[in-house]
Amino acid sequence: MSTPRVTAIHDLSGFGRCSLTVALPILSAMGVQCCPLPTAFLSTHTGGFEGFTFLDMTKEMPRIARHWKELALRFDAVYSGFLGSARQIRVVEDFIRDFRGDGVVVVDPVMGDGGAVYRTYTPEMCEGMARLAEQADVITPNLTEAALLLGVPYRELPAGAAGLRAIVERLSLEGRRSVVLTGASLAPGSTGALCFDAATGRTEAVQTRRVDRDFHGTGDVFSSVLTGALVRGAPLKEAARAAAEFVRACAERTAAENLPMREGVDFEPLLGLLTGPASAISDDSL
Ligand code: PXL
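Residues numbered from 1 in each chain as written. Predicted model: local features only at pLDDT ≥ 70, side-chain atom pairs only at ≥ 80, totals over all residues. Heavy atoms only, no water.

**Student:** Help me understand the overall build of the protein in this model?
**Tutor:** Secondary structure summary: the protein contains nine helices and 13 strands in total. The C-alpha radius of gyration of the protein comes to 17 Å, within 12% of the 19 Å expected for a compact globule of 286 residues. If one aligns the C-alpha atoms of the protein with their principal axes, the spans along those axes are about 50 × 45 × 40 Å. In the protein, which comprises 286 residues, the proportion classed as buried is 52%. Considering only intrachain contacts with a sequence separation of at least 6, the fraction spanning at least 24 residues in the protein is 68%. When the accessible area of the protein is evaluated, it comes to approximately 12,400 Å², of which 51% is carbon and sulfur surface. If the 28 positive side-chain charges of the protein are averaged to one point and the 34 negative ones to another, these points end up 2 Å apart. (Helix = DSSP H or I, 4+ residues; strand = E, 2+ residues; numbered from the N terminus. Rg over C-alpha atoms; globule rule 2.2 N^0.38 Å. Buried < 20%, exposed > 50% of the residue type's maximum accessible area, 1.4 Å probe, protein only. Contact = heavy atoms within 4.5 Å. Areas by Shrake-Rupley, 256 points an atom, 1.4 Å probe, with all protein chains shown as cover. Lys, Arg positive; Asp, Glu negative; His and termini not counted. Charge placed at Lys NZ, Arg CZ, Asp CG, Glu CD.)

Written out as structure tokens, the structure is:
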């Protein structure tokens, strides 16, 4: 198999381990080439730091896309995440249309967490994100983002296992799009994802032990491992299992070290876990 190639459309935040500083090393460790298309360049991410800088890349992005078109570049996946402006969302939509080929389009509809919308996201951006997500083969929302995509208040999301299943099925656009709902807990002490696979029409859960602390950037770690596993040929549920197990391993290590939430998970020493065959990632040895 030739080396799979992914383009990652996320911001570059210099400090705080999220988006491209997570996607690049994770995809590389998985044996996947990652070509970044930065949406913004920040000094840190926006969660828990004051005074961060923010350079919007909206103007540069179509120029990069034009050059890549001239080079006739092809990608096995287009993988998008945190976006920098409402106008930029149109650029990403055009990019997906031009470059999707027969690859997989993974849209992580990054908009918020814990019931709150991220500071740089406007209502117009959230509407644009919902539109962008319609082009995806796979979306990876957390519960906050699921509420925004469905246009329901976070507190009014249906609860319990049946409620989570209803959310995932509503987000599937009548079965046309795969959905991996993250942060889905089906029992006390467990967490993971609930997956609707458009290829099989089935909704299945993957669950791991829950680590009782939250860390920044775990959604980006999850979606990056998921994307890497998908382009390596894993079925959706196996890709989600690998992602959930890797996030758990990272969160356990980071909690044991008692690192600050805003610095993200200490994933670098664990990258070796991702270098073997895809099946090894889901091994309980993690
Ligand atoms: O992890 C999501 C994310 C990505 N990029 C930036 C962010 C956030 C969440 O706060 O601020 C810049």
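Now, onward.
**Student:** For this particular structure, what's the right way to read the packing of aromatic side chains?
**Tutor:** Each aromatic ring pair is described using two quantities: the centre-to-centre distance and the angle formed by the ring planes. Under the defined criterion, the tally for this structure stands at seven aromatic pairs. With centroids separated by 6.1 Å and ring planes inclined at 70°, the aromatic side chains of tryptophan 68 and phenylalanine 95 adopt a geometry described as edge-to-face. Highlighted residues: tryptophan 68 in helix H2 (residues 60-70) and phenylalanine 95 in helix H3 (residues 86-99), separated in sequence by 27 residues. As far as burial versus exposure is concerned, tryptophan 68 and phenylalanine 95 are alike and both buried. Taking the centre distance of 4.3 Å and the plane angle of 20° together, the rings of phenylalanine 95 and phenylalanine 99 count as stacked. Taken as a pair, phenylalanine 95 and phenylalanine 99 lie in helix H3 at a separation of four residues, close to a single helical turn. Owing to a relative accessible area of 6%, phenylalanine 99 belongs among the buried residues under this scheme. Among the aromatic residues, ring-to-ring pairing joins Trp68, Phe75, Phe95 and Phe99 into one connected group. (Phe/Tyr/Trp six-rings, centres within 6.5 Å; stacked < 30°, edge-to-face > 60°.)

**Student:** Can you help me understand helix H7 (residues 218-231) in this one?
**Tutor:** Spanning 14 residues, H7 covers 20 Å between terminal C-alpha atoms, matching the ideal 20 Å at 1.5 Å per step. Judged by how many residues are buried, H7 sits mostly within the fold: 12 of 14 residues are covered. Among the residues making up H7, those that are buried are Asp220, Val221, Phe222, Ser223, Ser224, Val225, Leu226, Thr227, Gly228, Ala229, Leu230 and Val231. Of the residues flanking the end of H7, it is glycine 233, one or two places downstream, whose phi is positive at about 100°. (Expected span 1.5 Å × (residues − 1).)

**Student:** Can you walk me through the packing of H3 against helix H4 (residues 123-133) in this structure?
**Tutor:** When two helices pack together, their arrangement is given by the angle between the helix axes and by the axis-to-axis distance. Across the interface, H3 lies against H4 with an axial gap of 9 Å and an inter-helix angle of 10°. Considering their axes alone, H3 and H4 lie roughly parallel with respect to each other. Counted together, Ala86, Ile89, Arg90, Val92, Glu93 and Ile96 of H3 and Glu124, Met125, Gly128, Met129, Arg131 and Leu132 of H4 form the full contact between these two elements. In the contact of H3 with H4, the residues fall into seven nonpolar, one polar and four charged. (Axes fitted to C-alpha atoms, helices over the stretch in contact; angles between N-to-C directions. Parallel < 35°, antiparallel > 145°, perpendicular 65-115°, else oblique. Nonpolar A, V, L, I, M, F, W, Y, C, P; charged D, E, K, R; others polar.)

**Student:** Would you mind showing me how to read the pairing of strand E12 (residues 190-197) here?
**Tutor:** Walk down a regular strand and you will see the side chains alternate between the two sheet faces. Among the eight residues in E12, eight count as buried, and that is most of the element. Strand direction decides the pairing type here: strand E11 (residues 178-182) and E12, joined by four bridges, are antiparallel. When the bridges of E12 are listed, threonine 182 appears paired with alanine 193. Pairing of E12 with strand E13 (residues 202-209), which is carried by eight bridges, proceeds in the antiparallel orientation. Among the inter-strand pairings, serine 190 is bridged to a residue of E13, identified as arginine 209. Joining the antiparallel neighbours E12 and E13 is a turn of four residues, in which glycine 201 adopts a positive phi near 75°. (Pairing = 2+ DSSP bridges.)

**Student:** Please explain the side chain of arginine 177 as it appears in this structure.
**Tutor:** Structurally, the position occupied by arginine 177 is in the loop between helix H6 (160-171) and E11. The buried charged residue arginine 177 lacks any salt bridge partner; its closest oppositely charged side chain belongs to glutamate 134, at an N-O distance of 6.2 Å. Polar side-chain contacts of arginine 177 include one of 2.7 Å to the backbone oxygen of leucine 171. Among residues more than four places away in sequence, those in contact with arginine 177 are Ala133, Glu134, Ala136, Asp137, Ile139, Leu171, Ser172, Phe196 and Ala198. (Salt bridge = Lys/Arg side-chain N within 4 Å of Asp/Glu carboxyl O. Polar contact = N/O pair within 3.5 Å; in protein donor to acceptor, adjacent residues only side chain to side chain.)

**Student:** What is the right way to read H6 from this model?
**Tutor:** At 3.6 residues per turn, the α-helix brings residues three or four places apart onto the same side. For H6, with 12 residues, the first-to-last C-alpha span of 17 Å sits near the 16 Å given by 1.5 Å per residue. All buried positions along H6 are accounted for by Gly163, Leu164, Ile167, Val168 and Leu171. Summarising the axial view, the buried residues of H6 lie within an arc of 135°, below the 170-degree limit, and thus occupy one face. Here the buried face of H6 lies against strand E10 (138-139), helix H5 (143-150), E11, E12 and E13. Leucine 173 sits one or two residues past H6 and shows a positive phi near 55°. (Arc of directions from axis to C-beta.)

**Student:** Explain the pairing of strand E6 (residues 77-80) to me, please; I cannot follow it from the model alone.
**Tutor:** The two faces of E6 match: Ala77 and Tyr79 on one face and Val78 and Ser80 on the other face are all buried. In this structure, E6 lies alongside strand E7 (residues 104-107), joined through four bridges in parallel fashion. By the bridge assignment, alanine 77 is partnered in E7 with valine 104. Assessed by its sense of winding, the connection that carries the chain from E6 through H3 to E7 is right-handed. (Right-handed = clockwise from strand over helix to strand, strands pointing away.)

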